[in-house]
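This is what each chain is made of:
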Amino acid sequence: MPFLLRRLYRFMTAHIDGILLSGILLLMFTGLLVLLSASNGSYARVSGQLMNMLVALGVMWLFANIPPHFLMRLAPPLFVLGCALLVGVALFGDVVNGARRWLHVGVTRIQPSELMKIALPLMLAWYFNRNEASLKLRNYFGAALMLAFPVALIARQPDLGTALLITASGCYVIFLAGLSWRVIATLFVAGLASLPFLWSALHDYQRQRIMTLLDPTSDPLGAGYHTIQSTIAVGSGGILGKGWMNGTQTHLDFIPERTTDFIFAVYAEEFGLLGNAVLLAMLLFLIGRAMVITANAPTLFARLLAGAITLTFFTYAFVNIGMVSGILPVVGVPLPLISYGGTSLVSICLGFGILMSINTHKKLVQT
Amino acid sequence: MSELSINPGIEIRDSERELDRFRRRLAILGVFVLTLFGLLFLRFFYLQVIQHGHYSTLAEANRISILPIAPHRGIIVDRNGIQLAHNYSAYTLEITPSKVQSLEDTIDGLAAIIEITPRDRRRFRKLLEESKSFESLPIRTRLSDEEIARFAVHRYRFPGVEAKARLFRQYPQGEMFSHVVGHIGRINQREVEQLEKDGRLANYRGSDYIGKTGLEQSYEKFLHGTTGVEEVEVDSGGRAVRTLSRTPPVSGNNLVLNLDAKLQEVAYNAFGDRKGALVAIDPATGGILAFVSKPGFDPNLFVDGIDPQSWSELNGSPDKPLLNRASAGTYPPGSTFKPFMALAALFYGKRTPQQTISDPGYFMFGGHRFRDDKVDGHGLVDMYKSIVVSCDTYYYVLANDLGIDPIARFMALFGFGSRTGIDIAGEATGVLPSTEWKARRFSRPEQKKWYAGETISVGIGQGYNNYTPLQLASAMATLANDGVMFRPHIVNYIEDIRTRDKQLVEPTPLRNLGIKQEHIQVIKQALVGVNKEGTGARAFADAPYTSGGKTGTAQVIAIKQGEKYVESRVAEQHRDHALFIAYAPADKPTIALAVVSENSGFGARAAAPVARKVLDYHLLGKLPAATDGKN
């Protein structure tokens, strides 16, 4: 019996990275605490989120056990499928809240941009890995095209937040793949120069969000309301916070979407600067471990994919916290591992599963 | 290994260089991550440490709302506890214009479930013009329970419309007390500014009403009370979640009047359908016993803002119901002036009571014939007779002998031509003619001069003489009280309803006129004679008490030289006013009064019976028989 148990234990943990897992569990636990407060002590949301977490951890275990080279083979078909679905959305998609983001597939409807979040870095990593021996400037150019096509489709939906996040993940891959500094500098200057044109291409509500960020009080009951109230929540938290379950902004309903995108306002109000420092430390711990895994990944594909996953995770966290504390425009990005919602949890844990797979399968590759 | 490449050394170095470069790039991104997290931490530090105070204040301001609790307004009762102004609780339907898309649609929608009259709409439109759009304004008041239930069902259809439980002011006695009690009304912008200047505005947070006229206005400070404060925690929708602290409001003080509501009623009804005024005073204290101005108006119309149509009806009526005749209306005193003229004669030593004149029925002065009422004259007239039969000639001569300025100085002692200082606003001064007054009053030099001929008619209470019924009553009371004058006051005491403390409105002896008692007694005897055997005798026939009185008739238009005044030939609004002043009982007066009955002819016929009914009720508790009404 002990033998069987030990076998089961080894089967379960062989591809699990303990350090990464402990970081994830710590953040998840924090998330549940904040969620309990944000939902005014109701356990219904918390138990729902607990179920989401179990599913997400299951997905993580599954992907940790899939060897990276298998994923590599999956990359091109997944990317093509993603692009096809995006074209489908553009042609036949459902309009919800003025944006065409959803596609009906049989009984359910999906948001193909979610799939792109993982398919794109996977594809770029595959692409660079394939051309590893002879990386030329045109390869980078090709990668940029591969990036631009889905991003353009998503931006047209319009879903600027997702488009920017996918752009970021693609840029991380291209940067890590070794794009020369000279090109980077040139692109940076060109980018700055094209800002006015980009501005004119934005939708009114997108411009409004940016304007609101610069001066939230210009529209205190409209677009600025979220930012003003979440900033008040963060600021009134002070050094030690108002205490768990004691946030007035939270419990008197002043923070909109406080279980999802704005959950950080709840956390910052109740746990203060000290709590924020602890949260940043926990995130850094997770990112740091993921970077170590990235640095030690055996192949270029694994390195680029791991790097993209790691930095995308960071970007989500930064954009969300930056938005809640009023230094970034309001875009619909949840705080990874903390915000309520299954989709985000599953996709984040899927990424960590891939990281674990990369870390635990390299010995097998090398032997 | 060797199968992988022809030149393994270079290949390995190359891939190691690649790896190094990758790790360098990764390290750069690591620095990038740290930098941005550092930026976040700085932002937290800024918000949570440096600006913490600011955001705490904002969070508290979000959270805590300070709600004023309006106090109950004090009630007003007469000397016997009969309520003249009280409060009752009822529902109003209120609209906050700023929260409503289309006012017309909303009101039409409401009208489909609750009765809204055109009058309500007009009143609402007028309120709308006077108020700010975020104020909640009543479209209907005094809703029935059924109407409330019907509104509750349809409530969701009317955002910005609320049914609110409110305290209403009601004046149960209606028009009878409209001028003395006055009324409250919605606070207007001018009143807000005044309150702000007095530093009382904070106490009116939560109050919609303020005293506008009468006692409601002059005792506003006492009636209003102190506003309470409730600190409540509110959510983002503005709904109160819980109460943090509560300072209860302090109700306003009650007013207990000297006024006798029953007496007032008797007096009001005694006028029949005549217009006029009556003021009755307790001579020993100056307390006002009755204060009638007829016609009155329904003060309840004004409480929630009067609709423009009702307003113009009241304001444009030829009967002038809005005019407070008792203290803001002025009338020539007519013959009621004579007793005071006689007293002046004694005072200045110009006459003795026994001195007589021979009355041929007129007095010639400067080629002008001043006529007596009695064409043939009264024959030999002494002071007593001059009052009892109301002989004009006696006073033409007397006025001429005294001169205008000595008359004015003496009459000023009795308060003629100056405000009495009664405790409601809007008192008129009237006109006490003198050379100085005329010089002040007119601008052209020939008008500024006083002509000796003008003094003659002043002697019989005509000419420039013009006094309020209140001044007349006060002068009568002073005479009845043997020359000691009190400031007339309507309120007896102010009562704190919690402590039951009474704050008396002290009877203030304004002055002792310093007139010899023997002189006063001469006049008082003559006044008793009027009611016993003179012009008041018919009205006071069979009275079981002795009273003093004096009739008077005030000309509204001048009669041409040589013409006779014939009542039936004169348009009603130009007919003479009937006056009567009286006091009783003669030995120890408890009431003194002045009556003016407009356009009613002789004082003896129209005004004295009113006085009789009032004195009967006051002294005997006797209500006039219903059939007497028109007499």
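Note that the structure is a prediction, hence the values are computed from the model and not measured. (Residues numbered from 1 in each chain as written. Chains lettered and ligands numbered in written order. Predicted model: local features only at pLDDT ≥ 70, side-chain atom pairs only at ≥ 80, totals over all residues. Heavy atoms only, no water.)

## Some details on the overall build of chain A
Put simply, the rule reads: For the purposes of this entry, the term helix denotes a DSSP run of H or I that reaches at least four residues, the term strand denotes a run of E that reaches at least two, and both are numbered from the N terminus. Only protein chains enter the calculation, and the probe is 1.4 Å; a residue is then buried if its accessible area is under 20% of its type maximum, exposed if over 50%, and partly exposed in between. Should any heavy atoms of two residues lie within 4.5 Å, those residues are counted as being in contact.
The helix and strand tally for chain A stands at 14 helices and three strands. For chain A, the proportion of its 367 residues judged to be buried stands at 53%. Of all intrachain contacts in chain A linking residues separated by at least 6 positions in sequence, the fraction that spans at least 24 positions is 70%.

## Examining the overall build of chain B
This is how the line gets drawn: Here the Shrake-Rupley method, with its probe set to 1.4 Å, supplies the accessible areas, and only the displayed protein chains count as covering residues.
Of regular secondary structure, chain B possesses 24 helices and 23 strands. Within the span of chain B, comprising 631 residues, buried residues form 50% of the whole. Expressed as a percentage of contacts within chain B between residues at least 6 apart in sequence, the contacts between residues at least 24 apart total 73%. Surface accessibility of chain B: about 29300 Å² in total, with carbon and sulfur atoms responsible for 52%.

## Looking at the pattern of salt bridges
Residues and elements named next belong to chain B. For the record, the criterion: We define a salt bridge as a side-chain nitrogen of Lys or Arg found within 4 Å of a carboxyl oxygen belonging to Asp or Glu.
One pass over the structure, following the stated rule, counts 30 salt bridges over all chains. For E216, the salt bridge identified is with R73, shortest N-O distance 2.9 Å. Highlighted residues: E216 in helix α8 (residues 214-218) and R73 in the loop between β1 (64-69) and β2 (76-77), separated in sequence by 143 residues. Look at the salt bridges and you will find they share partners, linking R73, R169, E216 and E220 into a network.

## Remarks on the sheet that holds β1(B)
All names here are of chain B. Keep this limit in mind: Two strands make a pair as long as DSSP finds a minimum of two bridges between them. Axes, fitted as lines to C-alpha atoms, cover a helix only where it is in contact. Angles between the N-to-C directions of the axes lie from 0 to 180 degrees.
Taking strand neighbours across the sheet as the criterion, the three strands line up as β1-β8-β9 in an open arrangement whose pairing is antiparallel. Sheet topology places β1 and β9 (240-247) at the edges, where each strand pairs with a single neighbour. The sheet shows a mean angle of 30° between the axes of neighbouring strands, taken without regard to direction. Where β1 meets strand β8 (residues 228-234), six bridges bridge the pair, whose relative direction is antiparallel. Bridged to S65 within β8 is V232. Packed on one face of the sheet, helix α2 (residues 52-63) meets β1, β8 and β9 and runs near 45° to β1.

## Structural notes on the nonpolar core
The following threshold applies: Only buried residues count toward a nonpolar core. Its members are Ala, Val, Leu, Ile, Met, Phe, Trp, Tyr and Cys residues joined through side-chain atoms within 4.5 Å.
Judged by nonpolar contacts, the single largest core of 121 residues is most densely connected at L215(B), L278(B), F291(B), F414(B) and F416(B). Here this core gets eight residues from one element, more than from any other, and that element is helix α21 (residues 469-480) of chain B. Discounting chain neighbours no more than four positions away, the residues touching F414(B) are F340(B), L343(B), A475(B), T478(B), L479(B), M485(B), R511(B), L513(B) and I515(B). Counting 120 residues, the second largest nonpolar core, distinct from the first, contains L27(A), A38(A), A177(A) and L286(A).

## Section: unusual backbone geometry
All names here are of chain B. A cis amide bond, omega 0°, links K294 with the succeeding residue P295. Within the element layout of this structure, P295 appears in the loop between β12 (288-294) and α11 (300-303). The omega torsion of the bond from A584 to P585 falls at -15°, within 30 degrees of zero and hence cis. Of note, P585 is situated in the loop between β22 (577-584) and β23 (591-597).

## Quick word on the interface of chain A and chain B
What counts here: By definition, the buried area sums, over both parts, the 1.4 Å-probe accessible area that each loses when the two are put together. Gly falls in the polar group here, along with every residue not listed as nonpolar (Ala, Val, Leu, Ile, Met, Phe, Trp, Tyr, Cys, Pro) or charged (Asp, Glu, Lys, Arg).
The interface of chain A with chain B comprises 50 residues on the first partner and 34 residues on the second. Between chain A and chain B the total buried area reaches about 3800 Å² when both faces are included, carbon and sulfur atoms providing 75% of it. Inspection of the region where chain A meets chain B yields zero salt bridges. Looking at the side of chain A that touches chain B, its residues break down into 30 nonpolar, 17 polar and three charged.

## Let's talk about empty space enclosed by the protein
Where empty space is left becomes clear once a probe the size of a water molecule has been rolled over the atoms. To keep it simple, the criterion reads: For cavity detection a 1 Å grid was placed over the protein atoms alone, and a set of points counts as a cavity when a 1.4 Å probe fits there but cannot get out; an open set counts as a pocket when protein lies on both sides within 12 Å along at least five of seven lines, with lining residues being those that have an atom within 4 Å of a point. Grid points are joined across faces, edges and corners, and a volume is the space filled by probe spheres set on the points.
For the structure shown, the criterion picks out three cavities of 30 Å³ or more. Estimates place the volume of the largest cavity at around 50 Å³. Along its surface, the largest cavity is lined by I281(B), P283(B), G286(B), S474(B), A477(B), T478(B), N481(B), V484(B), M485(B), F486(B) and P488(B). Among the secondary structure elements, those contributing two or more residues to the lining of the largest cavity are α21 and β17 (484-486) of chain B. Here the residues of the lining of the largest cavity are counted per class, giving seven nonpolar, four polar and no charged. Considered as a void within the structure, the second largest cavity measures approximately 50 Å³ in volume. Every residue along the wall of the second largest cavity is listed here: L176(A), A177(A), G178(A), L300(A), E18(B), R21(B), F22(B) and R25(B). With four residues, helix α1 (residues 8-50) of chain B is the largest single contributor of residues to the lining of the second largest cavity. The residue inventory of the lining of the second largest cavity, partitioned by class, reads four nonpolar, one polar and three charged.

## Description of the environment of I16(A)
All names here are of chain A. For I16, the location among the structural elements is in the loop between α1 (2-13) and α2 (18-38). Residue class for I16 comes out buried when judged on its relative accessible area of 19%. In this structure the C-alpha to C-alpha distance between I16 and T360, which are 344 residues apart in sequence, comes to 7.5 Å. Contact partners of I16, with chain neighbours within four places excluded, come to L21, M60, W61, A64, M356 and T360.

## Quick notes on the sheet that holds strand β11 (residues 276-281) of chain B
Residue and element names in this part refer to chain B. Strand order in the open sheet formed by five strands is β12-β11-β23-β22-β21, and the pairing between neighbours is antiparallel. The open sheet has two edge strands with one neighbour each: β12 and β21 (548-554). Mean inter-strand twist for the sheet, computed between neighbouring axes without regard to direction, equals 5°. With respect to the sheet, helix α22 (residues 517-533) is in contact with β21 and β22, its orientation differing from that of β21 by roughly 75°.

## Considering the packing of helix α5 (residues 112-130) of chain A against helix α13 (residues 300-324) of chain A
Residue and element names in this part refer to chain A. Put simply, the test is: For this classification, under 35 degrees means roughly parallel, over 145 means roughly antiparallel, 65 to 115 means roughly perpendicular, and everything else is oblique. By the definition used in this description, the sense in which the near helix is turned from the far one sets the handedness, with an anticlockwise turn below a right angle giving left-handed and a clockwise turn giving right-handed.
Taken N-terminus to C-terminus, the directions of α5 and α13 make an angle of 150°; their axes are 8 Å apart at the nearest point. In terms of orientation, α5 lies roughly antiparallel with respect to α13. The two elements α5 and α13 meet at a crossing, and its hand is right-handed. Where α5 approaches α13, its residues K117, P121, L122, A125, W126, F128 and N129 are matched on the opposing element by L300, F301, L304, L305, A308 and Y316. Its residues placed into classes, the contact of α5 with α13 shows eleven nonpolar, one polar and one charged.

## Some thoughts on the pairing of β8(B)
Residue and element names in this part refer to chain B. Counting buried residues along β8, five of its seven residues qualify, which places the element largely inside the surrounding structure. The pairing of β8 with β9 spans six bridges and is antiparallel. Opposite V234, over in β9, you have A240 as the bridge partner.

## Digging into the packing of aromatic side chains
All names here are of chain B. Here is the rule we go by: Think of it this way: a Phe, Tyr or Trp ring, Trp meaning its six-membered ring, pairs with another when their centres are within 6.5 Å, and the plane angle makes it stacked under 30 degrees, edge-to-face over 60, tilted otherwise.
If you walk through the whole model with that rule in mind, you get 34 aromatic pairs over all chains. When the centroid spacing of 5.5 Å and the interplanar angle of 75° are considered together, the rings of F337 and F416 count as edge-to-face. Taken together, the positions of F337 in the loop between α13 (325-328) and α14 (338-348) and F416 in the loop between α17 (404-413) and α18 (435-441) put the pair 79 residues apart, joining distant regions of the chain. By relative accessible area, which is 0% here, F337 ends up buried.

## Regarding a nonpolar patch on the surface
Definition in use: Put simply, a patch holds well-exposed residues, over 30% relative accessible area, that have no salt bridge, with like charges counted together within 9 Å and Val, Leu, Ile, Met, Phe, Trp or Tyr side chains within 5 Å.
Residues F188(A), V189(A), L192(A), L195(A) and L198(A) make up a contiguous nonpolar surface patch of roughly 520 Å² in combined accessible area. Structurally, L192(A) is set in helix α8 (residues 181-201).

## Remarks on the confidence of the model for chain B
Keep in mind that low pLDDT regions are not for reading the predicted coordinates in detail. Residues and elements named next belong to chain B. The test is simple: A score between 0 and 100, pLDDT records how confident the predictor is in each residue.
On average, chain B scores 87 in pLDDT, and the residues at 70 or more come to 94%. Note that residues 1-8 has pLDDT below 50 and, in this model, one contact with residues that lie over four places away or in other chains. Both scores are given for the predicted complex: the pTM is 0.66, the ipTM 0.92.

## Side note on the side chain of D260(B)
All names here are of chain B. Note the threshold: Working convention for charge: Lys and Arg count positive, Asp and Glu count negative, and His plus the chain ends are omitted.
Tracing the backbone shows D260 in the loop between β10 (254-257) and α10 (261-270). Within the buried set, D260 has no salt-bridge partner at all; the shortest N-O distance to an opposite charge, 5.2 Å, is to R79. The contact partners of D260, leaving out residues within four places of it in the chain, are D78, R79, N80, L289 and Y617.

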